[in-house]
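Observations on the three-dimensional arrangement
So the chains spell out like this:
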Amino acid sequence: MSVSGTTFASQDSGAKTMKTTPPFHPKISPSVESETMAPDPVAADVAVTKSSAHTAAADLGLTEPDKGQACGWSRFRPACLQCCNNANGVLFFLCMFSFTQGVIVNGLVNVSITSIETRFELPSSNTGIVSASYDIAFVVLALFVTFHAGQGNSKPKWLAFGSFSLGLGALIYSLPHFTTGPYVYGTGQTETCDVGGNSTSQDCSSGDTAGSGLRNYLYVFILGQLLHGVGGTPLYTLGTTFLDENVERSNSGVYIGLFFAASALGPAAGYLIGGQFLNIYTDIDIGRNGSELTEADPRWVGAWWIGFLMCTLLAWSITIPLLGYPKELPGAAEIKANKESEAHAKGGVDVASQPDFGKSWRDFPMAIKILLCNPTFMFVSLAGAFEGFLTSGLATFGPKFVEMQFSQTSGWAAMLCGFVVVPGAAGGNILGGVIMKFFKLKCRGMLRLCIILGGVCLALYLVFLVQCPNIPFAGVTQRYTNGSMDPVVSGLNLSSQCNTDCYCQEEFYTPTCGADGMQYFSPCHAGCTVLTETDGTKRYDNCTCIWYDSVASLAETLEGKCDSTCGTMPLFLAVFFVIMLLTFANNPLATGATLRTVPDSQRSFALGVQWIFVRLIGTIPGPILFGRFIDDTCLVWQEKCDGRGSCWFYDNALMARSLLYLTVAGKALAFILYICASLSYKPPPEGGMVKSTTQASLQRLDELATVTVPDSNGISNKAMESTEL
């Protein structure tokens, strides 16, 4: 007969072996089990007692919640805090952490690129190095952090350390504003043409290199970004796995999707808030409002530093609650026991599932080998690396592209990018998580959807063919021919017969728009001799280089760039929104596939290794290469005594083509690698899913519960077989 899943059958007489299920089961409490079990005539003879089984279960982390799993700090663990001691509470604080990280690293840093280049005289290739410094720190620390946490150490403590480091990095990043003098944008320069006057250009032979030391602040920005990387290292490795460990597998996609959505909202908020701060003059804290400049002036530098100070306080405020979480949430052991592994069939599960594996640094080489020999994991990681290459490059220089391509101010360009990133990135992450839950996707289904989304994005990147022509620029894209629109034959020549007697300086860019529709480097280069100012608008007259109705004396210019007549910006932003939506929808899908294709005990470590590939191949070289390509499209550089400064004017067509080549090449490689990942994946045999580490431990506990029971009344009893978990 059958009693509570235990079967008796006849055997040979004599002593026999009996195998019994331990009294504690992760799905059935001891009290409930005692009510459902029928009386056992030989129970008194069983050597394994209920208390000994509880002791073994406690060794597996399956005990009821105790003080060690309560939320709080040291001995202060009040009951009112326990409402946050669950997956929802962890999700909230991780979302706040990822939001803050996104605001700083992918929002404020990128928005302030143009202002920092102008203020500290840096080329785009240098600011690309600043952006990549975040990923350099990640690469250095990722393996240590993830393997150390995988040894059973507290993930929340690492997360709290990361939040503190993030705030410290933001504070250091803002320091150059306070340690430099007031911003000098051309004091004493002659705006109008002074016929017969002396040149006011800086004399390099006299040692006049004031301001050249500003470039040394590059290293302060790099230090700040390195600390940002220290803070972000545990967030996207330990934070993701800590969430996945504490929720049911069917809900994992939604939780991860919300987590990544918060990280996507961060950059969007950074773009919007940072864009508003850029409309405030940088030296507002010392009583200067930059009234001599307008926001459209290329020399304008906004208050880029305010956002970093605000985020310092926000990051540090998250540190305290994260420190209060236990190493494992209540109920996490039961959730782990109920999960089935979908790890790659030849992914080293037999080794990684050993109870002592990963507890010592001696296992580190084998842990690396298991992951590197997992083809599906490697293909997904490499695909993510090329996705990271694109997103990091576009995030860093996207606002600059919109600013230059469509003749927008730096603040408004940042706002426009924010309007695209907010719904696109956040909606994409949520969309990917909802799809995972709705269709109950397993590993292969996630990979196939990554292929489909990647193929659509690849086609949409052709939007970079939509470009705006450069505004006619005298001496740069057009000749000084007094009305002729013939292209420049060769080289850059800002001087012409009409302004040679003006002794115009070229250290400071003061764009002015002539009545002939031509843009000039400065009013002096336009040959203007008369300045009038009405309601804050500067108007220059008697410009000898500009002919209007064939009369030079009637020609005039207005301060600022000429307005672009190109109307393709709405189309570009609409398509770019779809690209963001589909690209970020891949995040929870690719992360879910990564967590499923590796052994359960290696999930944190696998994400650490994967992010190293993403950083080394993608997000470190991405901004540097994008910055180098953009620098190559520069037509007018700021000339300093000690070399070139920042770029004043770019070739729009060449910039658009350069970004097209980079984005299409990167996306095509990611698309191919996702196909390879899907083809290489071999799931466990049907009906024989590999047990998780917790399940394997329970099975070993079951085997230890084998005892000897004497015959009763000469009737042979069969060994009681425990029900399969």
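Residues numbered from 1 in each chain as written. Predicted model: local features only at pLDDT ≥ 70, side-chain atom pairs only at ≥ 80, totals over all residues. Heavy atoms only, no water.

1. Regarding the overall build of the protein chain
Within the protein chain, the secondary structure is distributed over 21 helices and 11 strands. Put simply, the protein chain has 725 residues, and 55% of those count as buried. Long-range contacts, defined as pairs at least 24 residues apart, comprise 80% of the intrachain contacts of the protein chain with a sequence gap of at least 6. Here the protein chain displays about 29900 Å² of accessible surface, and carbon together with sulfur accounts for 61% of that area. (Helix = DSSP H or I, 4+ residues; strand = E, 2+ residues; numbered from the N terminus. Buried < 20%, exposed > 50% of the residue type's maximum accessible area, 1.4 Å probe, protein only. Contact = heavy atoms within 4.5 Å. Areas by Shrake-Rupley, 256 points an atom, 1.4 Å probe, with all protein chains shown as cover.)

2. A short note on unusual backbone geometry
Of note, Lys440 is a non-glycine position whose phi angle comes to about 50°, a positive value. Even without a glycine there, the phi angle at Asn542 is positive, about 55°. Mapped onto the elements, Asn542 comes out in strand S7 (residues 537–543). A residue is classified by how much of its surface remains accessible, and Asn542, at 34% relative accessible area, is partly exposed.

3. Remarks on the packing of aromatic side chains
Overall, the coordinates contain 35 aromatic pairs when judged by the stated rule. Note on Phe93 and Tyr325: the rings are 6.2 Å apart at their centroids and 65° apart in plane angle, and the pair reads as edge-to-face. Placement of Phe93 in helix H3 (residues 87–111) and of Tyr325 in the loop between helix H10 (306–323) and helix H11 (332–337) is noted, with a sequence separation of 232 residues between them. An identical accessibility class is assigned to Phe93 and Tyr325; each is buried. Relative to Phe221, the ring of Phe120 lies with its centre 5.3 Å away and its plane at 75°, an arrangement referred to as edge-to-face. Here the residue Phe120 occupies a position in helix H4 (residues 113–120), and Phe221 occupies one in helix H7 (residues 218–235), the gap between them amounting to 101 residues. Pair check on accessibility: Phe120 and Phe221 agree, each one buried. Taken together, the ring pairs connect Phe120, Tyr173, Tyr217, Phe221, Trp304 and Phe308 into an aromatic cluster. Taking NZ or CZ as reference, Arg119 lies 5.4 Å from the ring centre of Phe120, over its face. When the ring centre of Phe138 is taken as reference, the NZ or CZ atom of Arg615 above it lies at 4.0 Å. (Phe/Tyr/Trp six-rings, centres within 6.5 Å; stacked < 30°, edge-to-face > 60°. Lys NZ or Arg CZ within 6 Å of the ring centre and 35° of its normal.)

4. Section: the environment of Thr233
Inspection of the secondary structure assignment puts Thr233 in helix H7. A relative accessible area of 0% places Thr233 in the buried class. Taking the C-alpha atoms as reference, Thr233 lies 8.2 Å from Gly608; in sequence the two are 375 residues apart. Sequence-distant contacts of Thr233, defined by excluding residues within four places in its chain, comprise Ala137, Phe138, Leu141, Ala142 and Val145. Polar contacts involving the side chain of Thr233 include one to the main-chain carbonyl oxygen of Gly229, which spans 2.7 Å. (Polar contact = N/O pair within 3.5 Å; in protein donor to acceptor, adjacent residues only side chain to side chain.)

5. Topic: the nonpolar core
Counting 112 residues, the largest nonpolar core has Trp304, Phe464 and Phe572 as its most contacted members. A total of 13 residues in this core trace back to one element, the largest contributor, which is H3. Non-local contacts of Phe464, meaning those with residues more than four positions away in its chain, are made with Leu394, Phe401, Phe572, Ala656, Leu659, Leu660 and Thr663. Counting residues in each nonpolar core, the second largest holds 20 residues, with Leu447, Ile451, Leu453 and Ala590 among its members. (Core = buried A, V, L, I, M, F, W, Y, C linked by side-chain atoms within 4.5 Å.)

6. A look at the environment of Ala268
Relative to the helices and strands, Ala268 resides in helix H9 (residues 249–277). Look at Ala268 and you get buried, because its relative accessible area is 0%. In this structure Ala268 touches Gly418, Val421 and Val422, once residues within four positions along its chain are discounted.

7. Quick look at the state of the cysteines
Using the criterion set out here, one finds 7 disulfides in the structure. The disulfide bridge from Cys634 ends at Cys647, spanning 2.0 Å between sulfur atoms. The sign of the S-S torsion, about 100°, decides the handedness of the disulfide formed by Cys634 and Cys647: right-handed. Of the two residues, Cys634 is situated in strand S9 (residues 634–640) and Cys647 in strand S10 (residues 643–650); the sequence distance between them amounts to 13 residues. Grouping residues by exposure puts Cys634 and Cys647 together as buried. (Disulfide = S-S within 2.5 Å.)

8. Describing the side chain of Ser680
Relative to the assigned elements, Ser680 resides in helix H20 (residues 652–680). Among the polar contacts listed, one links the side chain of Ser680 to the side chain of Thr376, at a separation of 3.3 Å.

9. Let's talk about the packing of H3 against H10
Packed helices, taken two at a time, are described by their axes: the angle between them and the distance between them. Viewed as axis vectors pointing N to C, H3 and H10 meet at an angle of 160°, and their least axial separation amounts to 10 Å. As summarised for this structure, H3 and H10 are arranged roughly antiparallel, according to the angle between their axes. As H3 packs across H10, the resulting crossing turns out to be left-handed. Residues Phe93, Met96, Phe97, Thr100, Val103, Ile104, Leu108 and Val109 of H3 form the contact with H10, whose own contacting residues are Gly307, Phe308, Cys311, Leu314, Ala315, Ile318, Pro321 and Leu322. For the contact of H3 with H10, the residue count by class is 14 nonpolar, 2 polar and no charged. (Axes fitted to C-alpha atoms, helices over the stretch in contact; angles between N-to-C directions. Parallel < 35°, antiparallel > 145°, perpendicular 65-115°, else oblique. Left-handed = near helix turned anticlockwise from the far one by under 90°. Nonpolar A, V, L, I, M, F, W, Y, C, P; charged D, E, K, R; others polar.)

10. Observations regarding helix H13 (residues 364–372)
Within H13 the residues assigned to the buried category are Ala367, Ile368, Ile370 and Leu371. Along the axis of H13, the buried residues cluster in a sector spanning 160°; they form a single face. (Arc of directions from axis to C-beta.)

11. Notes on the pattern of salt bridges
Enumeration according to the criterion identifies 6 salt bridges in this entry. With a closest N to O distance of 3.4 Å, Glu245 and Lys155 form a salt bridge. Here Glu245 is found in helix H8 (residues 238–245), whereas its partner Lys155 is found in helix H6 (residues 155–179), with 90 residues between them in sequence. An identical accessibility class is assigned to Glu245 and Lys155; each is buried. Between Asp632 and Arg628 there is a salt bridge whose closest N-O contact spans 3.7 Å. (Salt bridge = Lys/Arg side-chain N within 4 Å of Asp/Glu carboxyl O.)

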